[in-house]
Amino acid sequence: MNNLVIVFPGQGSQFTGMGRTWFDTHESVRDRFTRASEIVGYSLEELCFSAAPTELTKTRHAQVALLVLGYSMHEVLSAQRELPVAAMAGHSLGEITALASAGALSFEDAVRLVKVRGEAMEVCATENRTGMIAVRMPVAEVEKHVDEFNGGSHDVQIANYNAEEQTVLSGTLDDLKAMTSYLEGRGHRVIRLNVAGAFHSTYMAGAVPAYVKAIGEIEFSAPRVPVYSTITGAVYGSAREIPDALALQLTSPVRWSSVVSSLATQDVSLWLESGPKKVLAKLIGGVVGSDAVHSLDEDTDEAYAAVDRLIEAKKAEPGLAGLCMGAAAATRNRNFDDTAYTAGVLTPYRKLQELNRMDKDELTEEQKRSAVELLLTIMRTKRVPEAEQSDRIASILRRTGDAALEPTAGGSTA
């Protein structure tokens, strides 16, 4: 149960002065600002702390600034302690911050990519009179109203599935004005968002070519911890999936509510938002309860204290070998061949006991893989159904943060 999820916000969380305390207090943050400034060709320090708010709000500036700050804040937190991170996720732009923080691409590549992303989206937005509105009502109702409204030769698109009762729509300014009247006439509240374009809709198609080119110049790696895609609402299965998902992100809706719902079933006890404000913390708190969610920016002391409590609780949990032992003992036996049982259950179990007597934090990758293979041998000998085998292994590896050890389709963890 003692799992931590770190989330990163997207455009809209920026404000003048954001990150000032982090910048002044931590040399690593100043170093990241300096390196990013060299890449983008302007001073992020000046942009965030002294430039006019209208400059920071520009898409090409806001996205880079949010990436650098969110990444830097997480870096400070993780440098001071070993975090029991079960997963990461980010809203829109924040997904790139999550991927970089999880080691799927370098910080420098992430800055270059987001620079292109922000510039391409800003150019595309200025070429169209488009925007976004937010509505509060059940998702099924939103979809029904959008379908009915678009039946009248309009083209309003769902851009963000933020929560069960918070959805964002994109479209032309004329269509959004008409949609606002349509919804308000039916008793619903509509909020016009202060953004310069119809993000996450087909109106962003013009930004895709430049962005796809930039994606193609990056070598992605498998994330060190699971990262969730807001295109599918599920965890990335491999590094090969990342480029296509990022490319689709510009013109596809952000399925943030699906990401949160998926993670909420993974025994998460603490959620941290790494970035300015607490936009995502509020959305997540509405699902899992506010006590389980903290903003590193606005609840810094509480966030650090919660992380330290979680780390202490994690130390008291059984390690990978212990969890494998528990799963081996708990699975029902369907094999009553004594010889097979001795070779395939008792002998592997004794080897698991030997591994469990070792310090759980000192097990090598090879020893961890051995523990998983021993559990698989036991479950196969007991004739446990393959689906149940996979579920048990996946659950254990999520708890221990060893998702990379999950067996392949052929059953091997190699």
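Above this text you will find the structure in question.
Let us look at the structure shown here. As the structure is a prediction and not an experimental result, all values here were calculated from the model. As a convention, each chain's residues are numbered from 1 in the sequence order in which they are written. The model is predicted, so local features are restricted to residues of pLDDT at least 70 and side-chain atom pairs to those at 80 or more, both for listing and for counting; the totals for chains, interfaces and linings are taken over all residues. By convention in this description, side-chain values take in all heavy atoms of the structure and omit both hydrogens and water.

**Observations regarding the packing of aromatic side chains**
A pair of Phe, Tyr and Trp rings is counted when the ring centres sit within 6.5 Å of each other, with Trp represented by its six-membered ring. The angle between the planes then sorts it: under 30 degrees is stacked, over 60 is edge-to-face, the rest tilted. Following the criterion strictly, the structure yields 5 aromatic pairs and no others. Plain terms: the ring middles of Y71 and F107 are 4.9 Å apart, the flat faces sit at 40 degrees to each other, and that makes the pair tilted. Of this pair, Y71 sits in helix α5 (residues 59-80) while F107 sits in helix α7 (residues 107-126); the two residues are 36 residues apart in sequence, bridging distant segments of the chain. The criterion is that NZ of a Lys, or CZ of an Arg, lies within 6 Å of the ring centre and within 35 degrees of the ring normal, and then a charge sits over that ring. Sitting above the plane of the F49 ring, R20 keeps its charged end 4.3 Å from the centroid. A run of DSSP states H or I qualifies as a helix once it reaches four residues; a run of E qualifies as a strand once it reaches two. Both are numbered from the N-terminal end.

**Examining the packing of helix α15 (residues 320-330) against helix α16 (residues 338-356)**
One can describe the packing of α15 onto α16 by two numbers: an axis separation of 8 Å at closest approach and a directional angle of 150 degrees. One way to sum up the angle between α15 and α16 is to call them roughly antiparallel. At the point where α15 passes α16, the crossing takes the left-handed sense. Here A321, G322, C324, M325, A328 and A329 of α15 lie close against α16, whose contacting residues are Y349, L352, Q353, L355 and N356. Gly counts as polar in this scheme, as do all residues outside two lists: the nonpolar Ala, Val, Leu, Ile, Met, Phe, Trp, Tyr, Cys and Pro, and the charged Asp, Glu, Lys and Arg. The residue makeup of the contact of α15 with α16, split by class, is 8 nonpolar, 3 polar and no charged. Fitting a line to C-alpha atoms yields each axis, with helices limited to the stretch in contact; the angle taken between N-to-C directions then spans 0 to 180 degrees. Working rule for angles: under 35 degrees goes down as roughly parallel, over 145 as roughly antiparallel, 65 to 115 as roughly perpendicular, anything else as oblique. By definition, any crossing whose near helix is turned counterclockwise from its far helix by less than a right angle is left-handed, and any crossing with a clockwise turn is right-handed. Residues count as neighbours in contact if any of their non-hydrogen atoms are within 4.5 Å of one another.

**A closer look at the side chain of R117**
Mapped onto the secondary structure, R117 falls in helix α7. In this view, R117 contacts Q63, S92, L93, I96, H200, Y211, Q249 and L250; residues no more than four positions away in its chain are not counted.

**What about the pattern of salt bridges?**
Here a salt bridge means any side-chain nitrogen of Lys or Arg lying within 4 Å of a carboxyl oxygen belonging to Asp or Glu. The final tally for this structure, using the stated rule, is 15 salt bridges. Residue E108 is joined to R35 by a salt bridge in which the shortest nitrogen-to-oxygen separation is 3.7 Å. Linking E108 in helix α7 with R35 in helix α2 (residues 27-40), this pair joins segments that are 73 residues apart in sequence. Since its relative accessible area comes to 22%, E108 is described here as partly exposed. Two residues, D174 and R129, come together in a salt bridge whose shortest N-O distance is 3.9 Å. With D174 in helix α9 (residues 173-184) and R129 in the loop between α7 and β3 (130-135), this residue pair connects regions lying 45 residues apart in the sequence. Per-residue accessibility, obtained with a 1.4 Å probe over protein chains only, is compared with the maximum for each type, and a residue is labelled buried under 20%, exposed over 50%, and partly exposed between these values. The exposure class assigned to D174 is exposed, which follows from its relative accessible area of 55%. Overall, the relative accessible area of 56% leaves R129 in the exposed class.

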